[in-house]
Amino acid sequence: MGREYKIKCRVPGTSDLQAMFRRLPSPIHREPLAEIYNYKIEADGFYFVDRLVDTKTASVALRIFIDAALAANQTIEISEP
């Protein structure tokens, strides 16, 4: 379970995605070993899941996805599917 977000946008180009990936915090919580967040790049944007393990880390990651989407688009749409 967790909290899901759909960020509808034109997906940034390869070099912008690579830069975004370098900025992302680790999605793995060490103690206990658990997934903090997960994501998927889709044709119409990003799908992001906060697993509610470490909300601070997940919010940093979500912000990086939103910033990347806004850098490539004038407007984006964020929803909870």
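Residues numbered from 1 in each chain as written. Predicted model: local features only at pLDDT ≥ 70, side-chain atom pairs only at ≥ 80, totals over all residues. Heavy atoms only, no water.

### Focus: the overall build of the protein
Okay, step 1: Scanning the protein from N- to C-terminus turns up two helices and six strands.
Okay, step 2: For the protein, the N- to C-terminal ordering of α and β elements is β-α-β-β-β-β-α-β.
Okay, step 3: The globule rule puts the C-alpha radius of gyration for 81 residues at 12 Å, and the 12 Å found for the protein is close to it.
Okay, step 4: Over its C-alpha atoms, taken along the principal directions, the protein stretches across nearly 40 × 25 × 20 Å.
Okay, step 5: Out of the 81 residues in the protein, the part that is buried amounts to 32%.
Okay, step 6: Counting only carbon and sulfur atoms, one obtains 52% of the accessible surface of the protein, whose full area is about 5,200 Å².
Okay, step 7: The distance from the centre of the 11 positive side-chain charges to the centre of the 11 negative ones in the protein is 4 Å. (Helix = DSSP H or I, 4+ residues; strand = E, 2+ residues; numbered from the N terminus. Rg over C-alpha atoms; globule rule 2.2 N^0.38 Å. Buried < 20%, exposed > 50% of the residue type's maximum accessible area, 1.4 Å probe, protein only. Areas by Shrake-Rupley, 256 points an atom, 1.4 Å probe, with all protein chains shown as cover. Lys, Arg positive; Asp, Glu negative; His and termini not counted. Charge placed at Lys NZ, Arg CZ, Asp CG, Glu CD.)

### Brief notes about the sheet that holds strand β1 (residues 3-8)
Okay, step 1: As summarised here, the arrangement of the four strands in space is β4-β5-β1-β6, forming an open sheet in which the pairing is antiparallel. Both edges of this open sheet fall to β4 (37-42) and β6 (77-79), since each of them pairs with a single strand only. Neighbouring strand axes in the sheet, compared pairwise and without regard to direction, differ in orientation by 15° on average.
Okay, step 2: Where β4 and strand β5 (residues 45-50) come together, six bridges link them in antiparallel fashion. (Pairing = 2+ DSSP bridges. Axes fitted to C-alpha atoms, helices over the stretch in contact; angles between N-to-C directions.)

### A few points about the packing of aromatic side chains
Okay, step 1: Applying the stated criterion across every chain, the model contains six aromatic pairs.
Okay, step 2: Taken together, the aromatic side chains of Y5, F21, Y37, Y39, F46, F48 and F65 make up a single cluster linked through ring pairs. (Phe/Tyr/Trp six-rings, centres within 6.5 Å; stacked < 30°, edge-to-face > 60°.)

### Quick word on the environment of D16
Okay, step 1: Structurally, D16 is set in helix α1 (residues 14-23).
Okay, step 2: Under the relative-accessibility criterion, D16 is labelled partly exposed at 47%.
Okay, step 3: Put simply, D16 and D67 are 51 residues apart on the chain and 11 Å apart in space, counted from C-alpha to C-alpha.

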